[in-house]
Amino acid sequence: PYTTLFRSKISDPTPLFSYKRQSLKSVERSSEKIKDDYEGDARALKDVYGGTLVYSSYEDIRKAFAGLNRIESLPVYEFKEPKQSMIGKSYWDYKINFLMPNGTVGEIILIHEYIDTMKNGVLEDGKRKVSGIGHRIYEITRKFDRARTRYADSLTKDQLSVINSMRAILLNVSNEIYSNI
């Protein structure tokens, strides 16, 4: 319903398509984010529920985001724009976090069609035909981050160096994938 609400508020430009997350963020992933990213503060988790609006150009995304930013009746909690230095060089999206009736904060992502394909895979007839490599690389990078954090006291300097080097390689690959717009 919220993807439809946000999409209905956009008259120009119209997204190519939109979709919602198939289910709520898993308890495992939510717990991981709260512990690793938010220092145990569950109130900081802003994407338990989510949807995506996909556009064919950066300019359309920027216009839609600016238009949504001006609508006072939307139950918006926070607007997030990407750093301009990221656009065309790495993964980027625009995010709108909104309050749901139960007080939970959800998320609508406005994203370029190419980045959506690289992140989530090829969409055909409303279904993902081929998985995207981008999100898989992100998930592996997160594992390196968790290893650095959780095992910091037991890692040798050389082990930490290897983890950091492998993570840097993955980030370079990710940036290359997302910069081909």
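The structure contained in this document is the topic of the report that follows.

About the thresholds
- Residues numbered from 1 in each chain as written.
- Predicted model: local features only at pLDDT ≥ 70, side-chain atom pairs only at ≥ 80, totals over all residues.
- Heavy atoms only, no water.
- Helix = DSSP H or I, 4+ residues; strand = E, 2+ residues; numbered from the N terminus.
- Rg over C-alpha atoms; globule rule 2.2 N^0.38 Å.
- Buried < 20%, exposed > 50% of the residue type's maximum accessible area, 1.4 Å probe, protein only.
- Contact = heavy atoms within 4.5 Å.
- Areas by Shrake-Rupley, 256 points an atom, 1.4 Å probe, with all protein chains shown as cover.
- Lys, Arg positive; Asp, Glu negative; His and termini not counted.
- Charge placed at Lys NZ, Arg CZ, Asp CG, Glu CD.
- Salt bridge = Lys/Arg side-chain N within 4 Å of Asp/Glu carboxyl O.
- Core = buried A, V, L, I, M, F, W, Y, C linked by side-chain atoms within 4.5 Å.
- Phe/Tyr/Trp six-rings, centres within 6.5 Å; stacked < 30°, edge-to-face > 60°.

Summing up its helical and strand segments, the chain has 6 helices and 7 strands in all. Counted from the first residue to the last, the chain has its helices and strands arranged as α-β-α-β-α-β-β-β-α-β-β-α-α. Taking 16 Å as the expected radius of gyration for a compact globule of 181 residues, we find that the chain reaches 18 Å, a close match to that expectation. Based on the C-alpha atoms only, the size of the chain along its principal axes is roughly 55 × 40 × 30 Å. Within the chain, buried positions represent 36% of all 181 residues. Taking the contacts inside the chain whose residues are at least 6 apart along the sequence as the reference set, 59% of them involve residues at least 24 apart. If you sum the accessible surface of the chain, you get close to 10,900 Å²; carbon and sulfur atoms cover 52% of it. One way to put it: in the chain the 29 positive side-chain charges average out to a point 2 Å from where the 24 negative ones average out.

This brings us to the pattern of salt bridges. For the structure on display, the rule yields 12 salt bridges. Of the charged contacts in the structure, one is a salt bridge between Glu78 and Lys46, with a shortest N-O distance of 2.7 Å. One end of the pair, Glu78, is in strand β3 (residues 76-80); the other, Lys46, is in the loop between α2 (27-36) and β2 (50-55), with 32 residues separating them in the sequence. Given a relative accessible area of 26%, Glu78 falls into the partly exposed group. The closest approach of N and O atoms between Asp145 and Arg167, which form a salt bridge, is 2.3 Å. Highlighted residues: Asp145 in helix α5 (residues 133-150) and Arg167 in helix α6 (residues 157-178), separated in sequence by 22 residues. Given the relative accessible area of 23%, Asp145 is considered partly exposed. A cluster of three or more residues bridged by salt bridges with shared partners is formed by Arg29, Glu32, Arg142 and Arg146.

Turning next to the nonpolar core. In this structure, Tyr55, Ile61, Tyr94, Ile96, Ile108 and Leu110 are the most contacted members of the largest nonpolar core, which totals 21 residues. Elements represented by at least two residues in this core include exactly β2, α3 (58-69), β4 (94-99) and β5 (105-112). Those residues in contact with Tyr94, other than ones at most four positions away along the chain, are Tyr58, Ile61, Arg62, Phe65, Lys80, Glu81, Pro82, Gln84, Ile87, Ile108, Ile109 and Leu110. Grouped together as the second largest cluster of nonpolar side chains are 6 residues, Ile137, Phe144, Ala147 and Ile177 included.

Another aspect to go through is the packing of aromatic side chains. Evaluation of the coordinates by the stated rule reveals 7 aromatic pairs. With 6.5 Å between their ring centres and 85 degrees between their planes, Tyr49 and Phe98 make a pair best called edge-to-face. With Tyr49 in the loop between α2 and β2 and Phe98 in strand β4, the pair connects residues that are 49 residues apart, well separated along the chain. The interplanar angle of 80 degrees and the centroid separation of 5.6 Å between the aromatic rings of Tyr58 and Trp92 together place this pair among those described as edge-to-face. One end of the pair, Tyr58, is in helix α3; the other, Trp92, is in the loop between β3 and β4, with 34 residues separating them in the sequence. You can call Tyr58 partly exposed: its relative accessible area is 24%. With a relative accessible area of 2%, Trp92 lands in the buried category. Every member of this aromatic cluster is reached through a ring pair, and the members are Tyr58, Phe65, Phe79, Trp92 and Tyr94.

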